[in-house]
Amino acid sequence: MLNFLKIFINIILFYISYKKVNYTYKILTFDTSELSNFDNDDDKIVFSIYGHTSYVDALYFLYMLYKNNNINMKILASKKYECYYPKIICEYIHFINGNTSNLVINKHLGLFIEGSRKKENFIKSGFKYIAINNNAKIVYGIINFRKNKLELSEKIDNNLSNEILLEKLIIFLKEKEANDYAIYPKSCSMIKFKTSDTKL
């Protein structure tokens, strides 16, 4: 199964390289060492990744799962893209069609909090409610393209107010530039919820 996942990723990487956007070496050497801090973690964790502006981000995510197959995690993806994934890979992915508020997770879940690659005036708050409904912690993360490394925050309680939750994301990103964590920096969504005035 894991070998098939690696083959699938490499086929896509070859296609990307052919299209003159060479991420092959970067993804195959992607540093996911910070994820090992959660190998034996008893808490459920919703890994909430910011900076999703390209479909290449999903390849980093899939390769992260391949390199850390001992961690019980699924990634969240829109059901409309299910047809693009081989069936054998779908066990690593939880496909959703609409609202995620009542989603039940067995262990860890990884998702892009924007919910879209295009620039939006807000980020989705679904990650917070998934964490609340599953008594899970929240961990913010980015794919740092400059360092070629997955960077993660400390664990965050799910019962914080929207303003404090967003403030923690802003602090996590404070020393970074948008082009560190986004392939298309101008497409980064604003860090605010629909019901909050806190923004970046």
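Being a predicted model, the structure only gives us computed values, none of them experimental.

Among the structural elements, S48 can be located in strand 1 (residues 45-49). By relative accessible area, which is 0% here, S48 ends up buried. Excluding anything up to four places from it in sequence, S48 contacts L111, I113, F127, I138, V139, Y140 and G141.

Another aspect to go through is unusual backbone geometry. Notably, N135 is not glycine yet its phi reads approximately 50 degrees, a positive angle. Examined against the element boundaries, N135 turns out to sit in the loop between helix 4 (126-133) and strand 5 (137-144). In this structure, N148 takes a positive phi of about 55 degrees despite not being glycine. Inspection of the secondary structure puts N148 in the loop between strand 5 and strand 6 (149-152). For N148, a relative accessible area of 13% gives the class buried.

By size, the foremost hydrophobic cluster in this structure holds 35 residues, and its most contacted members are L35, F47, Y60, Y85 and I93. Elements with a minimum of two residues in this core: strand 1, helix 3 (56-67), strand 2 (73-78), strand 3 (93-96), strand 5 and strand 6. Considering each element in turn, this core owes the most residues, 10 residues, to helix 3. Leaving out residues up to four positions away in the same chain, F47 has contacts with L35, F38, M73, H108, L109, G110, L111, V139 and L152.

Moving on to the sheet that holds strand 5. Read across the sheet, 6 strands follow the order 3-2-4-1-5-6 without closing on themselves; strand pairing throughout is mixed. Only two strands of the sheet have a single neighbouring strand rather than two, namely strand 3 and strand 6. Across the sheet, the mean angle separating the axes of adjacent strands is 30 degrees when strand polarity is ignored. Examined bridge by bridge, strand 2 and strand 4 (residues 108-112) share 3 bridges and lie parallel to one another. Note that in strand 4 the partner of M73 across the bridge is H108.

As a further point, take the pattern of salt bridges. Taken as a whole and judged by the stated rule, the model has 7 salt bridges. The partner of D43 in a salt bridge is K155, and the shortest N-O contact between them spans 2.7 Å. Placement of D43 in the loop between helix 2 (24-28) and strand 1 and of K155 in the loop between strand 6 and helix 5 (162-173) is noted, with a sequence separation of 112 residues between them. Residue classification places D43 among the partly exposed positions, given a relative accessible area of 27%. Taking the shortest distance from any N to any O, the salt bridge between K137 and D157 comes out at 2.5 Å. With a gap of 20 residues between them, K137 in strand 5 and D157 in the loop between strand 6 and helix 5 connect regions that are remote in the sequence.

Below, the discussion takes up helix 3. Three or four residues apart is the spacing at which side chains of an α-helix point the same way, because the helix has 3.6 residues per turn. The end-to-end C-alpha distance of helix 3 is 17 Å, a good match for the 16 Å that 12 residues give at a rise of 1.5 Å each. Most of helix 3 is tucked away, with 11 of its 12 residues classed as buried. Of all the residues in helix 3, the buried ones are V56, D57, A58, L59, Y60, F61, L62, Y63, M64, L65 and Y66.

Parameters and conventions
Residues numbered from 1 in each chain as written. Predicted model: local features only at pLDDT ≥ 70, side-chain atom pairs only at ≥ 80, totals over all residues. Heavy atoms only, no water. Helix = DSSP H or I, 4+ residues; strand = E, 2+ residues; numbered from the N terminus. Buried < 20%, exposed > 50% of the residue type's maximum accessible area, 1.4 Å probe, protein only. Contact = heavy atoms within 4.5 Å. Core = buried A, V, L, I, M, F, W, Y, C linked by side-chain atoms within 4.5 Å. Pairing = 2+ DSSP bridges. Axes fitted to C-alpha atoms, helices over the stretch in contact; angles between N-to-C directions. Salt bridge = Lys/Arg side-chain N within 4 Å of Asp/Glu carboxyl O. Expected span 1.5 Å × (residues − 1).

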